[in-house]
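Close look at the chain arrangement
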Amino acid sequence: QVQLLESGGGLVQAGESLRLSCSASGSIVSINRMGWYRQAPGKQRELVARITISGSTNYADSVKGRFTISRDSAKNTVYLQMNSLKPEDTAVYYCSADVNLFTDVAILRNFWGQGTQVTVSS
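Residues numbered from 1 in each chain as written. Predicted model: local features only at pLDDT ≥ 70, side-chain atom pairs only at ≥ 80, totals over all residues. Heavy atoms only, no water.

This next bit is on the state of the cysteines. A complete count under the given rule lists one disulfide for this structure. The disulfide bridge from C22 ends at C95, spanning 2.1 Å between sulfur atoms. When the S-S torsion is -80°, as for the bridge of C22 with C95, the disulfide is left-handed. On the criterion of sequence distance, the pair formed by C22 in strand β3 (residues 18-26) and C95 in strand β9 (residues 91-100) is long-range, its members being 73 residues apart. Accessibility assignment for this pair places C22 and C95 in one class, buried. (Disulfide = S-S within 2.5 Å. Helix = DSSP H or I, 4+ residues; strand = E, 2+ residues; numbered from the N terminus. Buried < 20%, exposed > 50% of the residue type's maximum accessible area, 1.4 Å probe, protein only.)

What follows is the structure, encoded as structure tokens:
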């Protein structure tokens, strides 16, 4: 079926940058929307950023001005450029995608990646 693979996480110091990547593979016709979520220890999973096929974006207030989401639809890939990282950004970051599975029927299904760890030290 469909798999999402995240990469780019790691350990950085406050103020540094990371770029996350998520590539979708499998029986994909197209991807309507892709996004990034994160979950810190002891906290609920929260939206970080998302982008539609038209390029419309949404960001959590906590990351506006620091993070930028982008996509390459031809490669079924979404990126998250994270600048000026803060310790509170430490979390597992998950990629999500709403995927069109068929060309002849209107079906969207949501998929999630396994997550990639981002750790920001003080």
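If you look at the biggest cluster of nonpolar residues, it comprises 32 residues, and the most contacted ones within it are W36, L80, M82 and Y93. Listed by contribution, the elements that provide at least two residues to this core are β1 (2-7), β3, β4 (30-39), β5 (46-52), β7 (67-72), β8 (77-82), β9 and β11 (116-121). In terms of residues, this core owes the most to one element, β9, which gives five residues. Ignoring anything within four residues of it in the chain, the contact list for M82 reads E16, S17, L18, L20, R66, F67, Y93 and V118. (Core = buried A, V, L, I, M, F, W, Y, C linked by side-chain atoms within 4.5 Å. Contact = heavy atoms within 4.5 Å.)

The next point concerns the packing of aromatic side chains. Per the counting criterion, the structure on display carries one aromatic pair. A cation sits over an aromatic face here: R19 above Y79, 4.0 Å from the ring centre. Over the ring of W112 we find R45, and its NZ or CZ is 4.8 Å from the ring centre. (Phe/Tyr/Trp six-rings, centres within 6.5 Å; stacked < 30°, edge-to-face > 60°. Lys NZ or Arg CZ within 6 Å of the ring centre and 35° of its normal.)

What follows concerns the environment of S23. Tracing the backbone shows S23 in strand β3. Along the primary structure S23 and G8 are separated by 15 residues, whereas in three dimensions their C-alpha atoms are 12 Å apart. Discounting chain neighbours no more than four positions away, the residues touching S23 are Q3, L4, L5, N76 and T77. Looking at S23, its side chain comes within polar contact range of the side chain of T77, at 3.1 Å. (Polar contact = N/O pair within 3.5 Å; in protein donor to acceptor, adjacent residues only side chain to side chain.)

Turning our eyes to something else, we now look at the sheet that holds β8. Remark on secondary structure: sheet strands pair via backbone hydrogen bonds, oriented parallel or antiparallel. Strand order across the open sheet formed by four strands is β1-β3-β8-β7, with antiparallel pairing between neighbours. Whereas interior strands pair on both sides, the edge strands pair on one side only; in this sheet they are β1 and β7. The average undirected angle you get between the axes of adjacent strands in this sheet is 15°. (Pairing = 2+ DSSP bridges. Axes fitted to C-alpha atoms, helices over the stretch in contact; angles between N-to-C directions.)

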